[in-house]
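Listed below, chain by chain, are the residues.
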There are 4 protein chains.
Amino acid sequence: MATYADRSLREIRRDLHAHPEVGWTEYRTSALVAETLDELGYTLHLGADALEVEARMGVPDDDDLAAARERAAEAGAPAEYLDRFEATTGLVAERSFGPGPVVGVRVDMDALPVTESSEADHRPAREGFASRHPGEMHACGHDGHTAIGLGIARAFAGGDAEMKAETEAEPEDEEPFDGTLRLFFQPAEEGLRGGLAMSRTDLIEVDRFLALHLGLGRETGTVVAGLDRPYASTKVQARFEGRSAHAGNEPEAGRNALQAAAAAVQGLYGLPRDSRGVTRINVGEVHSPNAQNVVADATGLRYEVRSDDGDAVEALLAGAERVLSGAARMHGVDVATSTVGEAATFEADDAMVEAVADAARAADGVDRVIERDRLTASEDAAHLIRRVQDAGGTATYVGIGASNAAGHHMPRFDVEEAALDVAVDVVTRTVRGLGS
Amino acid sequence: MATYADRSLREIRRDLHAHPEVGWTEYRTSALVAETLDELGYTLHLGADALEVEARMGVPDDDDLAAARERAAEAGAPAEYLDRFEATTGLVAERSFGPGPVVGVRVDMDALPVTESSEADHRPAREGFASRHPGEMHACGHDGHTAIGLGIARAFAGGDAEMKAETEAEPEDEEPFDGTLRLFFQPAEEGLRGGLAMSRTDLIEVDRFLALHLGLGRETGTVVAGLDRPYASTKVQARFEGRSAHAGNEPEAGRNALQAAAAAVQGLYGLPRDSRGVTRINVGEVHSPNAQNVVADATGLRYEVRSDDGDAVEALLAGAERVLSGAARMHGVDVATSTVGEAATFEADDAMVEAVADAARAADGVDRVIERDRLTASEDAAHLIRRVQDAGGTATYVGIGASNAAGHHMPRFDVEEAALDVAVDVVTRTVRGLGS
Amino acid sequence: MATYADRSLREIRRDLHAHPEVGWTEYRTSALVAETLDELGYTLHLGADALEVEARMGVPDDDDLAAARERAAEAGAPAEYLDRFEATTGLVAERSFGPGPVVGVRVDMDALPVTESSEADHRPAREGFASRHPGEMHACGHDGHTAIGLGIARAFAGGDAEMKAETEAEPEDEEPFDGTLRLFFQPAEEGLRGGLAMSRTDLIEVDRFLALHLGLGRETGTVVAGLDRPYASTKVQARFEGRSAHAGNEPEAGRNALQAAAAAVQGLYGLPRDSRGVTRINVGEVHSPNAQNVVADATGLRYEVRSDDGDAVEALLAGAERVLSGAARMHGVDVATSTVGEAATFEADDAMVEAVADAARAADGVDRVIERDRLTASEDAAHLIRRVQDAGGTATYVGIGASNAAGHHMPRFDVEEAALDVAVDVVTRTVRGLGS
Amino acid sequence: MATYADRSLREIRRDLHAHPEVGWTEYRTSALVAETLDELGYTLHLGADALEVEARMGVPDDDDLAAARERAAEAGAPAEYLDRFEATTGLVAERSFGPGPVVGVRVDMDALPVTESSEADHRPAREGFASRHPGEMHACGHDGHTAIGLGIARAFAGGDAEMKAETEAEPEDEEPFDGTLRLFFQPAEEGLRGGLAMSRTDLIEVDRFLALHLGLGRETGTVVAGLDRPYASTKVQARFEGRSAHAGNEPEAGRNALQAAAAAVQGLYGLPRDSRGVTRINVGEVHSPNAQNVVADATGLRYEVRSDDGDAVEALLAGAERVLSGAARMHGVDVATSTVGEAATFEADDAMVEAVADAARAADGVDRVIERDRLTASEDAAHLIRRVQDAGGTATYVGIGASNAAGHHMPRFDVEEAALDVAVDVVTRTVRGLGS
């Protein structure tokens, strides 16, 4: 197999689409991206050098990670690079072109736990690049995001004529970029699990920053320069541990984890509404596997809270912790919780929004530019954006329209691939505009 | 009014019936009993000398106690004695007849918060001795118990011919009693509130002990020499305290005591059954007075647990405490609990059962003697009985049949007064048999 | 006592303040108002002629109503008029001045179940017009509203020079009003209990309509011409009825109303949030009087729901009904509910807002006019406003600033009485402007 | 492989032990048993002829059944017989020896969903006959029961000398049996799923009946002639079905099956205790697989109730149905329930208890005979026993001691195989005694 450096964005995206890897198992993706960026002359920060390993959330267990690494090796991940992602997937690449500003661009790489449609009118199935892994699918366009990241890298790598694909935008007449381009390839965006870890190294100290997303309900040719004000959201996993007993012979000997969980479910839904903002709470993935004649010794559940107000999120989280510990106390059991996903809300900076809007108006294939809109989903790029802003930088989150037949996260999701070139062109023009 | 010393048991019982006093307000009853026993030559231990004041449970508030004292004074309680019950109602009287054993007999004096029937076919109403206090009634026969206690005292007072009523049993041919008779007139048996306090002084150090009860579903003429194995029972009052807030404008500022109470109610009823014995739990007297547009800042409730197994009662009580503190924690509120009633289970001693059975077989008016049966209600004489047994004494609980039309605690409850004399005769013969 | 027709607004307000009457017991108030308006030449619609008796909500029981009538008679309510409020309190008065538009003005008359402060620095206490009825107080300014209604009536009654108080505004140079003035004196606004009934007669068919409120956090001299978009709110009373049983002896024979209520409380607080608007739900006034050893046979509770979105209110109410009936079903008990208060949301019409704003700018004592603001409380004038609007009329809700030291519904609430004249002047000018 | 007819009970038991089949998948077992009994000259009633197919409970889905059949075929189930269990597993065999009474004997054949221990000191592992199917194990001795059933069949088959194993008891000096022997090989005893179906054909119309069980905590050599009064028990599966919705974007559009299930769990544990007998209730196997950001559209749970009093079981079941339907109603979802297991209580008949006790006293290897004891587990032979008794027959349930190191249902359970011969001897002697 030729490396990605020689292939068109469409080919790269389709290869990634066929090999989806869910959060924290993006071994093949990371290795191929690293190999390509190395060829393109970028300085690499791989795995534990790209993110704070301890800040990762919702990491699968070791067996699952090992199986995923093995699968990646079998599916063509270059061993030389694969070995460098032992601690974690994820990477950052940078290349300096002069003394100008440091500009960060973040894309994400993970797939979803969805089984892709095999119906004939689903293009990936018809054209042979559907997921080869039942239960995993690029159903949110992150395959495209990764390809876009490589396209941007290539656009700035210059000179290397043979690397340029036929489809690549080439803004010949632009002034050259005189700053440093830093590309973040983030793992585990789904479930809001990877952004926090990636925001915890010095690499995030950039002057300008943007993240992007394909689709989001908009047609190819539309660009939203500033999507912001998403719900802050936190996802928590809880496990009640009690003591089993035969429910007929000695019920008093048990400590009933299921009763505690049931009390917790009612308490969580009963958390108060908040005058400071919209609040949401929901519970799922409840499982108490005990047989009906045995007092439950372990019951697990997950919940998430959301709000457009940071204080309200904090109040809900504190309230939820009280509910869980109180429910455990009620029934004499223990409870352990861990945060398995988290994203804040954020606001895009005007300067970056204008920069992107200007670039988009000049870009090929763009027929509609929306300056600002509400981002109606949670997004863990929020951690990176807020870290940049806290340090005095400016940031935005860009929506790249990409027509598709089915909604995000659905088995028939797909993206119109022309949007890949649009995205590369918009971002490339934006970066040049920021640094010349 | 002549003192009780000169009146028949029937007259005494009817006077008490007309002036019912609920638990810890038996001021008139205590004062009249004290006056009578003083006249009969008994040594008196009154109020704080008869019980441990701090161990009383479920005591009404000071205003209610003051009002009850005032009412007692107006209704003929002799002032000289009334003044000696300032700290608490209740008394113990004793008289020694020789070096023989100390024999204790306990009767109770309190009424119930029930309004007596005024229907013409209800004898107390028809004959003019129904309760003069709406909302209070001797609906469990304690008026009769008090009269019986006085009858026993009189039977042993001897010599004082003029004190003996025409109806009194006179076991002429019995050998004289050569021990000490100690009579316990207990307050606040209803709700299991007074027995513990009365068991906490040295007066309970007796060699032989019996308590008795009229009725309990048996006809006049039947005597049960050993009623035992009642449910142990504990009654608890709880109060959740949170923080009020306007439920429309700032719901997040509240700490909802009502939600905590609702969670507690569900948790209490969900306490596990127990393989060691029968268990019961129930909740009542729940009150959350907050308006529906204000987050509840205070909600009260009461509950009781029962079991025929002591360990199971302990397990239920511990479980209930966990439920309450956990429910409070769930909703960020505080909870305070206090025990407002308590009774243990107990077993009657064979020696005392036989002594009573022998006496009953010889007594006037007894046509059926049952040796042992289950006591199907909770009874706080348990505290006294177990204290006696723990110190090496023996005890029993005696059922004195008394035909009545309506069940205990009902507005039409009454007792056949012939049973009063039966009781005095059975107990008097028992005591003589123990001490000669 | 001279009739109100001869007294200043301040005197009237103070007399009303001293004789507060909670909702549906405004007998003295109604009778005095009727007497005064009769003297001023208005046509009267009294009691059952002024509102639909069956549509009243949250009416006290007959004993309470009878006691209130008796109290009113003793406190100077003119018997001739008092007799005409047998079916219900509340009245409408009208007077026609020409063929012009029918203009409706609504004031409310009821007090709150609050005990007024007796502290010396509370003016009503200091100056001797504090509430004579413990537990009842004009703590929301409806005494002032009633006085304002009479002031408006008097302003248009004309000719009768002797009736005009010294403080009354006299817009001498205005054109005369050529329409019909219809004044609504509504009972039972607190708890949202009377507005619906008053909106159910033909009298509400007016062309222009306004309601008003003193205070609401604004200083004397400020007028808000259009307060609107209050939360819609519905208040519901529920009673669970089960079957009592002795909790120790036969727990299985009970049907536990308290368990049903506890499940309902949890279910109510767990009703889903709504993307269509702000939602609120709260529960209070929970009472389960059963003793802790008796299975609860009856438990009552109240709840209220609110939202700024009508569909969301409907969804909450439907959800709450499901919760209650389901909770009853869970525990084998019955449940009955009744709506005890209800108000919709509404929007003020631009034409009326402008008319009031223009009048306010010209009125004496007004130094600040706010055109529109959010009404942050629920208000059952909503029923009348929406009925007017549905029939093609226009309406607004006017805020009359009135400095006061303590918040509405508090024991130290008071209003600066200068605001009474401001209100009469603003409304009088508005009406003249509408009908000339 | 030689047929079971030629093999010792130990060999048969070990072959069965190595090939455990959980309830309703006993294809290999049924086919081998059928083949053997056919060879022994018994008349066969196979599959749908042996039980009422529609009355089976807790049947696995078709895929699981098909896989189990295929596995049975691969593991040596004779095809000729395997084909006759298409509708269901289970069989009845009979043989008549004269005009005497019809005597029924029931054994069960199913394994448990337990993974057997592979530790060297676990005899089946050490000696090579441990379960070949991970997740399935004969951990309750039904392999032994099946072997015993065949041993009894062989003992009465007579004449066929070559079929008798060396270990078989041979009561030479007994009178010959002159009645009809009917052997019930029941599937799916675990979970109480098969007994009801097997009690629903005319085959159960027998004069005398016994079922038996190995182990139950007693040593080899002990026989209990009458084990009875087990808890009645019913196991129910419930599924709440609601409507999913995105919990962040449109929570009000959901119908939350998980909230309903949580309410149900609390309601089930809160069902009242019962004065008529011991009651038990427990919930397990709760699963709500929805992601935490999606309103749950389906949640499943199982529960079981038990009591030693039939009326109390009925009350609990009725109460549980109310709880489930009420919880569903509370949250606007549907609920469907199905009974997946059921057993009644029963009492052994004196005549049968005596017959077994007499036989046991005469049997080889029996050193202790207990006449009667409480059966402390639920047992669905109850359906057959009660059906026999309702038709005028007599029955008992026999305990055959079998020393074993680990408790029933544990991964290290085993039985001392000498008990197999004891069982055959006791039953054979009992049957002969009944029919001669």
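Residues numbered from 1 in each chain as written. Chains lettered and ligands numbered in written order. Predicted model: local features only at pLDDT ≥ 70, side-chain atom pairs only at ≥ 80, totals over all residues. Heavy atoms only, no water.

J.: Looking at this structure, how should I read the environment of Gly98(A)?
T.: Residues and elements named next belong to chain A. Inspection of the secondary structure puts Gly98 in the loop between strand 2 (91-96) and strand 3 (102-108). On a C-alpha basis, the gap between Gly98 and Ala139 in space is 38 Å, while along the polypeptide they are 41 residues apart. Those residues in contact with Gly98 that sit more than four places away from it in its chain are Asp178, Gly179 and Thr180. (Helix = DSSP H or I, 4+ residues; strand = E, 2+ residues; numbered from the N terminus. Contact = heavy atoms within 4.5 Å.)

J.: Looking at this model, I keep getting lost on the interface of chain B and chain D. Mind explaining?
T.: The figure often quoted for interface size is the accessible area lost as the parts come together. Contacts between chain B and chain D engage twelve residues on the former and twelve residues on the latter. When chain B packs against chain D, close to 890 Å² is buried across both sides, 38% of that on carbon and sulfur atoms. Area buried by chain B at its contact with chain D is led by Gln266(B), Arg273(B) and Arg280(B), which between them contribute 65% of it. Our count for the contact surface shared by chain B and chain D stands at zero salt bridges. The interface formed by chain B and chain D includes six residue pairs in polar contact (both at pLDDT 80 or more). (Buried area = accessible area lost by both parts, 1.4 Å probe. Salt bridge = Lys/Arg side-chain N within 4 Å of Asp/Glu carboxyl O. Polar contact = N/O pair within 3.5 Å; in protein donor to acceptor, adjacent residues only side chain to side chain.)

J.: I would appreciate a short explanation of the side chain of His142(D) in the present structure.
T.: Here His142(D) is to be found in helix 6 (residues 142-157). With sequence-adjacent residues up to four places away left out, His142(D) is seen in contact with Asp108(D), Met109(D), Asp110(D), Glu189(D), Glu190(D) and His213(D).

J.: Explain the pairing of strand 5 (residues 208-214) of chain A to me, please; I cannot follow it from the model alone.
T.: Side chains on a regular strand alternate between the two faces of the sheet. Residues and elements named next belong to chain A. Most of strand 5 is tucked away, with six of its seven residues classed as buried. In the sheet, strand 3 pairs with strand 5 via four bridges, with the strands oriented parallel. Within strand 5, the residue paired with Val103 across the bridge is Arg208. The sheet contact formed by strand 5 and strand 12 (residues 394-400) spans seven bridges and is parallel. Among the inter-strand pairings, Leu210 is bridged to a residue of strand 12, identified as Thr396. (Buried < 20%, exposed > 50% of the residue type's maximum accessible area, 1.4 Å probe, protein only. Pairing = 2+ DSSP bridges.)

J.: Explanation requested: the pattern of salt bridges in the structure shown.
T.: Pairing is possible between side chains that carry opposite charge, provided their charged atoms lie close to one another. Within the structure shown, the criterion is met by 124 salt bridges over all chains. A salt bridge links Arg239(C) to Glu241(C), with the nearest nitrogen and oxygen atoms 2.6 Å apart. In this structure Glu241(C) comes out as partly exposed when scored by relative accessible area, which is 39%. When salt bridges with common partners are traced through the structure, they connect Arg10(A), Arg13(A), Arg14(A), Arg123(A), Arg126(A), Glu127(A), Asp143(A), Asp414(A) and Glu417(A) into a single cluster.

J.: Help me understand the packing of aromatic side chains in this model?
T.: Given two aromatic rings, their pairing is described by the distance between the two centres and the angle made by the two planes. Taken as a whole and assessed by the stated rule, the structure comprises 20 aromatic pairs over all chains. Ring geometry for Phe97(A) and Phe156(A): centres 6.0 Å apart, planes at 45°, overall tilted. Residue Phe97(A) is found in the loop between strand 2 and strand 3, and its partner Phe156(A) is found in helix 6 (residues 142-157); the two are separated by 59 residues along the sequence. With a relative accessible area of 28%, Phe97(A) lands in the partly exposed category. A network of ring pairs unites the aromatic residues Phe97(A), Phe156(A) and Phe177(A) as a single cluster. Over the ring of Trp24(D) we find Arg56(D), and its NZ or CZ is 5.3 Å from the ring centre. (Phe/Tyr/Trp six-rings, centres within 6.5 Å; stacked < 30°, edge-to-face > 60°. Lys NZ or Arg CZ within 6 Å of the ring centre and 35° of its normal.)

J.: What is the right way to look at the environment of Asp62(C) in this model?
T.: Mapped onto the secondary structure, Asp62(C) falls in helix 3 (residues 62-74). Under the relative-accessibility criterion, Asp62(C) is labelled exposed at 63%.

J.: Help me understand the packing of helix 1 (residues 9-18) of chain A against helix 6 of chain A, please; the structure alone is not making it clear to me.
T.: Each pair of packed helices can be described by the angle between their axes along with the distance between the axes. Residues and elements named next belong to chain A. Two numbers describe how helix 1 lies on helix 6: the axes approach to 8 Å, and their chain directions differ by 145°. As helix 1 packs across helix 6, the resulting crossing turns out to be right-handed. Two secondary-structure elements touch here, helix 1 through Leu9, Ile12, Arg13, Leu16 and His17 and helix 6 through Asp143, Gly144, Thr146, Ala147, Leu150, Gly151 and Arg154. Here the residues of the contact of helix 1 with helix 6 are counted per class, giving five nonpolar, four polar and three charged. (Axes fitted to C-alpha atoms, helices over the stretch in contact; angles between N-to-C directions. Left-handed = near helix turned anticlockwise from the far one by under 90°. Nonpolar A, V, L, I, M, F, W, Y, C, P; charged D, E, K, R; others polar.)

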